[in-house]
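Fold and geometry: a report
Each chain is listed here by its residues.
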Amino acid sequence: MHDDALVNYDFHCPYCDSPLTFLIDTSQSSHDTWEDCHQCCAPIQLQVVVSPMTGELDSVVAGRDDDVL
């Protein structure tokens, strides 16, 4: 893992609306993952999309664990 592949992603928890920052590793390419909210501990599903051409972060979709992303 290279430090230049790490991107801070800021958003709000879909459960408690607390502001959060997660570190996204773009060297993992596009993937789905789950992280817990630092405030309410609820599971958050993250859908990470990385450009195959540039290796840069295209988008992140965050949702509740029971949402279908």
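Above this note sits the structure.
First, a word on what this report is: a plain description of the structure on this page. Owing to the predicted nature of the structure, the values given are computational and were not obtained by experimental measurement.

**Let's talk about the side chain of Asp-25**
Counting through the fold element by element, Asp-25 comes out in strand E2 (residues 19-25). Nearest to the buried, unbridged Asp-25 among oppositely charged side chains is Arg-64, at 27 Å. A distance of 2.6 Å separates the side chain of Asp-25 from the side chain of Ser-27, its partner in a polar contact.

**A look at the state of the cysteines**
Counted under the stated rule, the structure contains 0 disulfides. Note on Cys-41: no disulfide assigned, nearest cysteine sulfur contributed by Cys-40 at a separation of 6.8 Å.

**Side note on unusual backbone geometry**
With phi around 65°, Asp-17 is a residue other than glycine that occupies positive phi space. By the secondary structure assignment, Asp-17 is in the loop between strand E1 (6-12) and E2. In this structure, Ser-29 is a non-glycine residue whose phi angle is positive, near 60°. Inspection of the secondary structure puts Ser-29 in the loop between E2 and strand E3 (31-36).

**With respect to the sheet that holds E3**
Strand order in this open sheet of 3 strands is E3-E4-E5, and the pairing throughout is antiparallel. Two strands bound the open sheet, and with one partner strand each, they are E3 and strand E5 (57-64). Ignoring which end each strand starts from, the neighbouring axes of this sheet average 25° apart. Bridge count between E3 and strand E4 (residues 43-50): 6 bridges; the pairing is antiparallel. By the bridge assignment, Asp-32 is partnered in E4 with Gln-47.

**Quick notes on the pairing of E5**
Sheet topology note: the E4/E5 ladder contains 7 bridges and is antiparallel. From the neighbouring strand, Gln-45 faces E5, where its bridge partner is Gly-63. Counting the residues between successive antiparallel strands, the hairpin from E4 to E5 contains 6 residues, one of them, Gly-55, with a positive phi of roughly 75°.

**Structural notes on the packing of aromatic side chains**
To describe a pair of aromatic rings, you give the distance between the ring centres and the angle between the ring planes. All told, the structure shown has 2 aromatic pairs when counted by the stated rule. Between Phe-11 and Phe-22 the ring centres are 5.4 Å apart and the planes differ by 45°, which places this aromatic pair in the tilted class. With Phe-11 in strand E1 and Phe-22 in strand E2, this residue pair connects regions lying 11 residues apart in the sequence. A relative accessible area of 9% places Phe-11 in the buried class. Judged by its relative accessible area of 6%, Phe-22 is buried. A connected cluster of aromatic rings, assembled from ring pairs, spans Tyr-9, Phe-11 and Phe-22.

Cut-off values and rules
- Residues numbered from 1 in each chain as written.
- Predicted model: local features only at pLDDT ≥ 70, side-chain atom pairs only at ≥ 80, totals over all residues.
- Heavy atoms only, no water.
- Helix = DSSP H or I, 4+ residues; strand = E, 2+ residues; numbered from the N terminus.
- Buried < 20%, exposed > 50% of the residue type's maximum accessible area, 1.4 Å probe, protein only.
- Lys, Arg positive; Asp, Glu negative; His and termini not counted.
- Salt bridge = Lys/Arg side-chain N within 4 Å of Asp/Glu carboxyl O.
- Polar contact = N/O pair within 3.5 Å; in protein donor to acceptor, adjacent residues only side chain to side chain.
- Disulfide = S-S within 2.5 Å.
- Pairing = 2+ DSSP bridges.
- Axes fitted to C-alpha atoms, helices over the stretch in contact; angles between N-to-C directions.
- Phe/Tyr/Trp six-rings, centres within 6.5 Å; stacked < 30°, edge-to-face > 60°.

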